[in-house]
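What follows is each chain in one-letter form.
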Amino acid sequence: MPTVLRWPLSVPPRREAVNPARPGREQRSRFERAPGCGWQGPPPFYLVLARKWRPRRFAELVGQQHVVRALVNGIVTGRLHHAFLFTGTRGVGKTTIARILAKALNCETGVTAEPCGVCSACKDIDAGRFVDLLEIDAASRTKVDDTRELLDNVIYAPSRGRYKVYLIDEVHMLSTHSFNALLKTLEEPPPHVKFLLATTDPQKLPVTVLSRCLQFSLKRLERVEIDTQMRHILDAEQVSYELPALAALARAADGSLRDALSLLDQALAFGSGAVRTEDVLSMLGTIDRRALATLGEALMTGDRAVLRTELKRIGELSVDYSGLLSELLVLWHDVAARQVLGDGIESELVDDEVLVRLAEGLSPEDVQLYYQLTLLARRDLDLAPDHRTGFEMAILRLIAFKPASGEGEQPKPPTLRAPVPAAPPVARAQPAMQPQPIAAACRWRAVATCTSLLRRRRRVATYTSLLRRRRRVATYTSLRRRSRLNRVRRASGLRWSDAPSCAGRRANWQRS
Ligand SMILES: [Zn+2]
């Protein structure tokens, strides 16, 4: 009867081998579940939204219809250029479009504007392991040797696909020598080669490169487009969200979809899996619509108690004051647009009824003045002792320059306000008084400049003529010297070749 070996109770049982190549050996897993830790095994891989939702077909692209249309038409009609340059700010789809184009050229179903996405070429391009798509980061390979190495391989046919696609990202970082080395191949590449260049800074490219490429300038995305795409992604990911939060994120993204999706990732982490307005606003350091509306209405009515409370509340929130002033500027713009252009103008920052109240309660001149004062306050924000002081001073300035119609007890506003309406008459009176001295001064300056230029020209002329004269004198002197020498030679019956220097030179020549 076989004996059953049992471990003593105090010794823990053997762990399962994690390495199938060496199963006999007891191995410790590097990732043990620690007490209180949620996962076991290797750390879970999380693909960020910007990568997970990178468009795989032209139809999935957000915006950039002008580029897509040109590319699709080029593919359909078979008139595809060999070098493309995609320019535009960060996160608008330069690399994405280049990859889709590479897929369209190499899809196993043929050159098509609708790559299948299931063949091995499409899958490999999506996974970033297609051998004939060479993605080169020009920022880290700036040297001419790198470019030469790249160009040495251009002549060889593609190993798997139909075309060999060189995708050079951040191409403006290449050195001048690299650009020059690239020029000839960029102009007349072999038929199996396509160059796709992407850059955020086309001004740094030499014109010789620009003239060899088909240039597509990608636009910044509209807020609506970013907002819609975020909504689509969150619906697909089954994440709960609030619309004002998405609007705030779209505003903060400033035209870049990648920025928006990175912020969305951050908001998801911040709100532990949900996108809530309060979290997003506190994450971005902005205030909610209600606060901006309250601020605007308090400025309109001159309600100092409300203003005091609101300023105190904003001060406790640790907001980004520069961003807050920008939002205030957008609010004044919306109010002015509503006043001048009428119905149909909406604001993303405040509700429609608030916008109507502000447009009716403020005079157009006030709104213009508010805009200008806010603009100056934003410019000078860094000069203030701290941003909070700068912001509060700006709000106090706005209320100081408000016409004191309802409150007679304040003598300051009228005196402060006085210079503002009084400015136009002064400005109008000035033209009658000022022009003459200014014109005279200008004239004097012009005359002085002209005189000094003339003098300088004369000096240059004198110098030139002196130089010429000196040269003539030198020529004359040398001629005279030569003729005197000739005379002496003839008198002595010598030849030029008898001169010692000439003889020495000839001897040297014969020796060599
Ligand atoms: Zn395919």
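As the structure is a computational prediction, the values presented were derived from the model and not from experiment.

1. Brief notes about the overall build of the protein chain
When you go through the protein chain residue by residue, the secondary structure sums to 21 helices and five strands. Considering only contacts in the protein chain between residues 6 or more positions apart, those separated by 24 or more positions represent 70%.

2. Focus: the sheet that holds strand β1 (residues 83-87)
Strand order in the open sheet made by the five strands is β2-β3-β4-β1-β5, with parallel pairing throughout. The open sheet has two edge strands, β2 (133-137) and β5 (214-217), and neither has a second partner. Averaged over neighbouring strand pairs, the angle between their axes works out to 15° when direction is ignored. Sheet topology places β2 next to strand β3 (residues 164-169); five bridges connect them, and they run parallel. Bridge pairing in β3 links L134 to Y166.

3. Details of the environment of Y371
The topology assignment puts Y371 in helix α16 (residues 364-379). Residue classification places Y371 among the partly exposed positions, given that 17 C-beta atoms sit within 10 Å. The contacts of Y371, once residues within four sequence positions are left out, are L329, W332, H333 and A336.

4. Some points on the confidence of the model for the protein chain
Considering every residue of the protein chain, the mean pLDDT works out to 81; 80% of them sit at 70 or more. Looking at the elements of the protein chain, mean pLDDT is at its lowest for helix α18 (residues 412-417), recorded as 41, and at its highest for β1, recorded as 94. With pLDDT under 50 throughout, residues 406-436 is counted as low confidence; its partners more than four residues away or in other chains account for 14 contacts.

5. Re the packing of helix α14 (residues 321-341) against α16
Where α14 meets α16, the closest approach of the two axes is 9 Å, and the angle between their N-to-C directions is 160°. Regarding the angle of α14 to α16, the classification is roughly antiparallel. Our pair here, α14 against α16, has a crossing hand that is left-handed. Where α14 approaches α16, its residues S322, L325, S326, L328, L329, W332, H333, V335, A336 and Q339 are matched on the opposing element by P364, V367, Q368, Y370, Y371, T374, L375, A377 and R378.

6. Looking at the packing of helix α8 (residues 223-237) against helix α9 (residues 243-253)
Contact geometry of α8 with α9 gives a least axis separation of 9 Å together with a crossing angle of 130°. Overall, the two elements α8 and α9 adopt an arrangement that is oblique. The interaxial crossing formed by α8 with α9 has right-handed handedness. Residues R223, I226, D227, M230 and R231 of α8 pack against L246, A247, L249, A250, R251 and A253 of α9.

7. Overview of the nonpolar core
Among the nonpolar cores identified, the biggest contains 60 residues, and L101, L196, L197, L249 and A260 are the most heavily contacted of them. Viewed by domain, this core spans two of them, domain 1 (50-217) and domain 2 (223-284), each represented by three or more residues. Every residue in contact with L101, bar those within four places of it in the chain, is listed here: L71 and L196. L307, I314, L328 and L398 belong to the second largest nonpolar core, which has 31 residues in total.

8. Describing the environment of V111
Here V111 shows up in the loop between α3 (94-106) and α4 (120-127). In this structure the C-alpha to C-alpha distance between V111 and R162, which are 51 residues apart in sequence, comes to 8.6 Å. Apart from residues lying up to four places away in sequence, V111 is in contact with I75, A104, L105 and R162.

9. Some thoughts on unusual backbone geometry
Phi at Q238 takes a positive value of approximately 55°, unusual for a residue other than glycine. Along the chain, Q238 falls in the loop between α8 and α9. Backbone geometry at D254 places phi at a positive 55°, although glycine is not the residue there. With respect to the element layout, D254 can be found in the loop between α9 and α10 (257-270). Assessed through the 15 C-beta atoms surrounding it within 10 Å, D254 is described here as partly exposed.

10. Describing the pairing of β1
Put simply, side chains in a regular strand alternate between the two faces of the sheet. Counting buried residues in β1 gives five out of five residues, a clear majority hidden from the surface. Judged by which residues are buried, β1 turns out to be covered on both faces: A83, L85 and T87 on one side and F84 and F86 on the other are all buried. In this structure, β1 lies alongside strand β4 (residues 193-199), joined through five bridges in parallel fashion. Bridge pairing in β4 places F86 opposite A198. Pairing of β1 with β5, which is carried by four bridges, proceeds in the parallel orientation. The residue bridging L85 from the neighbouring strand is Q215, located in β5.

Parameters and conventions
Position labels on residues start from 1 in each chain and follow its written sequence. Per-residue local features of the predicted model are confined to residues with pLDDT of at least 70, and side-chain atom pairs are confined, for both listing and counting, to 80 or more; whole-chain, interface and lining totals are unaffected and use all residues. Strands are runs of DSSP state E lasting at least two residues, helices are runs of H or I lasting at least four, and both sets are numbered from the N terminus onward. We call two residues in contact whenever the C-beta atoms placed from their backbones are within 7 Å. Criterion used throughout: strands pair if DSSP finds at least two bridges between them. Here an axis means a line fitted to C-alpha atoms, over the contact stretch when the element is a helix, while the angle between two N-to-C directions is reported on a 0 to 180 degree scale. Think of it as a crowd count around each C-beta: if 20 or more other C-beta atoms lie within 10 Å the residue is buried, if 12 or fewer it is exposed, and in between it is partly exposed, with C-beta placed from the backbone throughout. You can read pLDDT as the predictor saying how much it trusts each residue, on a scale of 0 to 100. The labels follow the angle: roughly parallel below 35 degrees, roughly antiparallel above 145, roughly perpendicular from 65 to 115, and oblique for the rest. Crossing chirality is assigned from the near helix's rotation relative to the far helix, an anticlockwise turn below a right angle marking it left-handed and a clockwise turn marking it right-handed. As used throughout, a nonpolar core is a set of buried Ala, Val, Leu, Ile, Met, Phe, Trp, Tyr and Cys residues joined through C-beta atoms within 7 Å of each other. Annotation comment: domain bounds sourced from an automatic or database domain assignment.

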